[in-house]
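# An overview of the molecular structure
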Amino acid sequence: MSHSESHVMNNLEVHAQNEQSHGSVKDYLIGFVLSVVLTAIPFWAVMSGSFSKTTTAWCIVSMAIVQIWVHLKYFLHLNFKTEDGKASSLSFIFSALIIVMVVGLSVWIIYESNAMMMY
């Protein structure tokens, strides 16, 4: 086997391994349908007005949390089953924690600075 043939074979093997890590059409369709349903439920709850404000707010927050999980699982393919999946999931969680801390602490500092300037 020549050098160019072995190079092509290696590229095909790498490409086949990369495709296994991506989701199938079925996974994307399940994620899409779940996303649409999880968007439609809070939309209906707000538009119908048949629930109290507290119930509607809890519905929106709970559906948002479930939708975050759906996006992470079906579109970003984060899982804890493989070593690579564990590493990418943990790095995502760490990044999200840092972002939440930076944004949360910034809002807190701005709010406290505003409160101190008013009195």
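Residues numbered from 1 in each chain as written. Predicted model: local features only at pLDDT ≥ 70, side-chain atom pairs only at ≥ 80, totals over all residues. Heavy atoms only, no water.

With an unreviewed UniProt entry as reference, the chain is termed Cytochrome bo(3) ubiquinol oxidase subunit 4, source organism Pseudoalteromonas shioyasakiensis. According to its UniProt record, the chain has this under Subcellular location (unreviewed entry): "Cell membrane". Quoted straight from UniProt, the Function (unreviewed entry) entry for the chain says "Cytochrome bo(3) ubiquinol terminal oxidase is the component of the aerobic respiratory chain of E.coli that predominates when cells are grown at high aeration. Has proton pump activity across the membrane in addition to electron transfer, pumping 2 protons/electron." (UniProt positions renumbered as here; feature names shortened; annotations may be inferred.)

## Looking at the environment of F75
Looking at where F75 falls in the secondary structure, it is placed in helix α3 (residues 53-75). Here the alpha-carbon distance between F75 and H22, two residues 53 residues apart in the chain, equals 8.9 Å. Those residues in contact with F75 that sit more than four places away from it in its chain are Y28, G31, F32, S35 and V70. (Helix = DSSP H or I, 4+ residues; strand = E, 2+ residues; numbered from the N terminus. Contact = heavy atoms within 4.5 Å.)

## Overview of the pattern of salt bridges
Side chains that carry opposite charge are capable of pairing whenever their charged atoms lie near each other. The full count for this structure, using the stated rule, is one salt bridge. A salt bridge links E83 to K86, with the nearest nitrogen and oxygen atoms 3.8 Å apart. Taken as a pair, E83 and K86 lie in helix α4 (residues 83-118) at a separation of three residues, close to a single helical turn. We classify E83 as exposed; its relative accessible area is 62%. (Salt bridge = Lys/Arg side-chain N within 4 Å of Asp/Glu carboxyl O. Buried < 20%, exposed > 50% of the residue type's maximum accessible area, 1.4 Å probe, protein only.)

## Looking at the side chain of S89
Counting through the fold element by element, S89 comes out in helix α4. In contact with S89, other than residues within four places in its own chain, are L78, N79 and F80.

## As for the packing of aromatic side chains
For any pair of aromatic rings, geometry is given as the distance between the ring centres together with the angle between the planes. With the rule as written, the count across this model stands at three aromatic pairs. On the numbers, 6.1 Å between centres and 25 degrees between planes, the contact of Y28 with F75 is stacked. On the criterion of sequence distance, the pair formed by Y28 in helix α2 (residues 25-48) and F75 in helix α3 is long-range, its members being 47 residues apart. Residue classification places Y28 among the partly exposed positions, given a relative accessible area of 34%. Pairing W69 with Y74 gives two aromatic rings, centres 6.5 Å apart and planes at 85 degrees, and the pair type is edge-to-face. The class of W69 is partly exposed, set by a relative accessible area of 48%. Residue Y74 is classed as buried on the basis of its relative accessible area, which comes to 14%. (Phe/Tyr/Trp six-rings, centres within 6.5 Å; stacked < 30°, edge-to-face > 60°.)

## Some remarks on the UniProt feature "transmembrane region" (unreviewed entry) in the chain
On the UniProt side, "transmembrane region" (unreviewed entry) is annotated at positions that read residues 28-47, 54-72 and 92-111 here. The distance from the first to the last C-alpha atom of residues 54-72 is 27 Å, and the span holds 100% helix and 0% strand.

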